[in-house]
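The chain contents come next:
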Amino acid sequence: MRARLRLADGTGPVLVVLLILLVALAFAGPAYAEPAGYLALLKRAAPLVVLAVGQYFVIVSGGFDLSVGSLVTAEVVVAARLVDGDDANTGWVIALLLGCGVLVGLVNGLITTKLLVPSFIVTLGMLLVLDGAVFLWSGGAPRGALSPSFRVLGRGSADLPVLGQVPWSVIVLLVVVVAAVWFMRSGTGRLLLAVGDNENVVRLAGGRVDRLRLLAFVLSALLASVAAILLAGFAGVSAQVGEGLEFRAITAVVLGGALLGGGRGSVVAAAAGALSLEALFSLLNLLGVSGALESAVQGVIIIAAVAYAAHGAGLRQMLRRPVPDTA
Amino acid sequence: MSAVREQIRRRSEAPPRTRTFVITPVLVVYLALAVLLVVGSVLVGVHGGVLLDHGGILNILTRGTVLGLVAIGQTLVIVTGSLDLSVAYLIGLCSLVAAETMAGSTAMIVPGVLAALVVAAVVGLVNGLVITVLKANAFIATLGVALVLRGYLEHNYTGPAGSVPRAFQHIGYDRIGPVPVAALLMLLLAAAAWWYLRRTRTGYHMYAVGGDVDVARLSGVRTGRTIVTAHVLCAVMAGLAGVFLAGRLGSGAPYVGTDAGYDLESIAAVVLGGTALAGGRGGVAGTIGGVLILSTLDTIFDDLGLDSFFKDVVRGVVLIVAVALYARRRTAGRSA
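An unreviewed UniProt entry annotates chain B as Ribose ABC transporter originating from Lentzea flava. Comment text from UniProt for chain B, heading Subcellular location (unreviewed entry), reads "Cell membrane".

Under an unreviewed UniProt entry, chain A has the name Autoinducer 2 import system permease protein LsrD and belongs to Lentzea flava. Reading the Subcellular location (unreviewed entry) entry of the UniProt record for chain A gives the comment "Cell membrane".

Okay, structure coming up:
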């Protein structure tokens, strides 16, 4: 922990918020008196955290990915139909889903970088295409079923020697976060951040801007596929499974202090933002706030978080050119 | 200031000197619309129907009315370099406010409409102030407001509420020949918005702020005030759409705006009409073309009896292709 004392901008506040929420949870519900409660929270939050990490790559490089929610829905529906309850199909379907994710990311990225269409529009178009295509294919209602082995990742647990029962999704979450942190500390990760800050400088310095942005979209779609596999296991098959997830993921990243338009933000903070959001929903649930007001609270919180970020770094903000891709 | 204005004028009005015949994005949109109408007519004709008969025109214009109202407002906001994701929930809210205030009595029509528009203006004001005073990114600010509205609607309503007097329902159904009165009103408002953007000081300021907010501020434009104005106008247009929908449905419905996805759809129509998403370029004329293209596509699909999900696929592809073409043209023009 000491090595990471040098936290990126905006990581501090979100960690404080997360801590407060976790403590509040302990007081609000008896389930959170012991580690098992928090482990369950982590398990619930895993898909959103994974999505947020993917969204982080795109946002920090100066774009948006609105297609992740419909990608999750599409993959869950496709998986149910292809697996069709047969364990023998699990392996190749998972591989196919990840492959489809990469493909969608490639299309998003190539249209954004080669055809110069703003990423907001590209991924909005992709959202419409995916939504329409999957329902066209499935005839409006998802069919088929997932096999038990497919659902293990989302709801099963691994027996670890020291820790005992740890949900697979928590392990996946940790692997994704650690890999993302490692990636952002590598040269490529730093360049990605630089692309979001000032594309032209990176280009003049010899960086391959297009390739980096393409990479961000591919990573986002790939992680969305991972989230789809986790969600399918955890929540089962439905045609609404991915609804609104794109905005939730963007909220999480922004909650983590990332600047829309790119160039600032840390991946740990984005993951913490997603976890905070999920902890907040659990807390509201425990306090008996109706599910309907959940979205209102979410709305107030993201405005507050962004306003705080804007004013906390007031001077920096004034010197900085306002977000170019206001989109 | 004059430099900015000069630049704006050059971008939006003056033709490039070398060519006598100018292909503006607006022209491209209407050409695309004409091509779509011809191709659609042929396809529908082969299928054994007529696209542009009485019912077809009525269908296209009725579909276009609500989307048109929302998209006109969205154009103002996008030109200013912002965007509004809260319109869909606002439409539902305003339809409820109008219908509940009217409560079936003819005497309450005017108060009902006014109440809905005031609510809309307040929401727009909140959007604008969150963006300018709290300095939140427009995407997040309006998404946040949208979520708050959604929470309010989900908490208080489960289904349609209020009722609209029969006299007011005329606004939804009356027509002159095949042309609905409401569509004419929408076009009138579009003309007004065009005039506002191209002929008034605030309209010019919107282009200036959208083009480069720092340059605009340094040139003496009150950028905050301009952004707030754009958001209030956008919200009022969404409010009008809500009132019109209440008139058509006979009551207010909380999800009438979100079911049709008017938030993203209106942005799509604006962008399809050649307005740059980053702001500073485009206009209402193109937007109306974009709206008509989308509603014509819908009508053609209905006439052909195609799956409604297929519509989404085509809509997505059309959107991406159109914007790619604009981007290509712009870079070609710049390098030439």
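Next comes the rest of the account.
Novice: When you look at the overall build of chain A in this model, what are you seeing that I'm missing?
Specialist: Scanning chain A for helices and strands turns up 14 helices and two strands. Compactness check: chain A gives a C-alpha radius of gyration of 19 Å against a globular reference of 20 Å for 327 residues, within 12% of the reference. Across the 327 residues that make up chain A, the buried fraction comes to 53%. Restricting to contacts in chain A with at least 6 residues of sequence separation, those with at least 24 account for 80%.

Novice: Explain the packing of helix α3 (residues 54-79) of chain B against helix α8 (residues 181-199) of chain B here, please?
Specialist: Helix-helix packing is described using two parameters, namely the angle between the two axes and the distance between the axes. Residues and elements named next belong to chain B. As a packed pair, α3 and α8 sit with axes 9 Å apart at the nearest point and diverge in direction by 15°. Of the possible angle classes, the one that applies to α3 and α8 is roughly parallel. α8 is crossed by α3, and the crossing has left-handed handedness. Taking contact as the criterion, the partners of Leu61, Thr62, Gly64, Thr65, Gly68, Leu69, Ile72, Leu76 and Val79 in α3 are, on α8, Ala182, Ala183, Met186, Leu189, Ala190, Ala193 and Leu197.

Novice: In this structure, what is going on with the UniProt feature "transmembrane region" (unreviewed entry) in chain A? I would like to understand it.
Specialist: All names here are of chain A. UniProt feature "transmembrane region" (unreviewed entry): in the numbering of this structure it lies at residues 92-111, 117-139, 160-183, 214-237 and 295-315. Along residues 117-139 the backbone is 87% helical and 0% strand, and the end-to-end C-alpha distance reaches 31 Å. Between the C-alpha atoms that bound residues 214-237 the distance is 30 Å, and the span itself is 92% helix and 0% strand.

Novice: Looking at this structure, I do not really get the nonpolar core. What am I missing?
Specialist: Nonpolar side chains tend to gather and get buried jointly when the protein is soluble and globular. Ranked by size, the top nonpolar core spans 221 residues in total, and within it Ala52 and Val53 of chain A carry the most contacts. Apart from the residues lying within four places of it in its own chain, the contact partners of valine 53 of chain A are Val176, Val177, Ala180, Leu223, Val267, Ala270 and Ala271 of chain A.

Novice: Looking at this structure, I do not really get helix α11 (residues 223-249) of chain B. What am I missing?
Specialist: What sets the pattern is the α-helix's 3.6 residues per turn: residues three or four places apart point alike. In this model, α11 of chain B (27 residues) spans 39 Å end to end at C-alpha, consistent with the 39 Å of a helix rising 1.5 Å per residue. Burial analysis of α11 of chain B places 23 of its 27 residues in the buried class, which makes it a mostly covered element.

Novice: How should I be thinking about the UniProt feature "transmembrane region" (unreviewed entry) in chain B in this particular structure?
Specialist: All names here are of chain B. UniProt's entry tags residues 21-46, 66-91, 103-123, 129-149, 176-197, 227-246 and 309-327 with the feature "transmembrane region" (unreviewed entry), counted in the numbering of this structure. Secondary structure over residues 129-149 splits into 76% helix and 0% strand, and the C-alpha atoms at its two ends are 16 Å apart. The span residues 227-246 is 100% helical and 0% strand by assignment, and the distance between its end C-alpha atoms comes to 29 Å.

Novice: What is the right way to read the packing of α3 of chain B against helix α13 (residues 262-272) of chain B from this model?
Specialist: Residue and element names in this part refer to chain B. In contact at an axis separation of 8 Å, α3 and α13 are set at 70° when each is read in the N-to-C sense. Accordingly, the angle class assigned to the pair α3 and α13 is roughly perpendicular. As α3 packs across α13, the resulting crossing turns out to be right-handed. Here α3 contributes Leu67, Val70, Ala71, Gln74, Thr75 and Ile78 to the contact with α13, which in turn contributes Tyr262, Glu265, Ser266, Ile267, Ala269 and Val270. Partitioning the contact of α3 with α13 into residue classes produces eight nonpolar, three polar and one charged.

Novice: Would you take a moment to explain the interface of chain A and chain B for this structure?
Specialist: A common way to express how large an interface is: the accessible area buried when the components associate. Each partner contributes residues to the interface: chain A has 44 residues there, and chain B has 46 residues. Those elements that provide at least two residues to the side of chain A that touches chain B are α5 (119-138), α11 (245-255) and α13 (291-312) of chain A. Here the element with the most residues in the side of chain A that touches chain B is α13 of chain A; it accounts for 14 residues. Taken together, the residues of the side of chain A that touches chain B sort by class into 31 nonpolar, nine polar and four charged.

Novice: It is not clear to me how unusual backbone geometry should be interpreted in this structure. Could you clarify?
Specialist: What is expected of a backbone is that most residues other than glycine have negative phi and most peptide bonds are trans. At leucine 116 of chain A, a position not held by glycine, the phi torsion is positive, near 60°. Locating leucine 116 of chain A in the fold gives a position in the loop between α4 (90-114) and α5. Overall, the presence of 14 C-beta atoms within 10 Å leaves leucine 116 of chain A in the partly exposed class. Notably, alanine 103 of chain B is not glycine yet its phi reads approximately 45°, a positive angle. You can see alanine 103 of chain B is positioned in the loop between α4 (87-102) and α5 (109-132).

Calculation rules
Residues numbered from 1 in each chain as written. Chains lettered and ligands numbered in written order. Predicted model: local features only at pLDDT ≥ 70, side-chain atom pairs only at ≥ 80, totals over all residues. UniProt positions renumbered as here; feature names shortened; annotations may be inferred. Helix = DSSP H or I, 4+ residues; strand = E, 2+ residues; numbered from the N terminus. Rg over C-alpha atoms; globule rule 2.2 N^0.38 Å. Buried ≥ 20, exposed ≤ 12 C-beta atoms within 10 Å, placed from the backbone. Contact = placed C-beta atoms within 7 Å. Axes fitted to C-alpha atoms, helices over the stretch in contact; angles between N-to-C directions. Parallel < 35°, antiparallel > 145°, perpendicular 65-115°, else oblique. Left-handed = near helix turned anticlockwise from the far one by under 90°. Core = buried A, V, L, I, M, F, W, Y, C linked by C-beta atoms within 7 Å. Expected span 1.5 Å × (residues − 1). Nonpolar A, V, L, I, M, F, W, Y, C, P; charged D, E, K, R; others polar.

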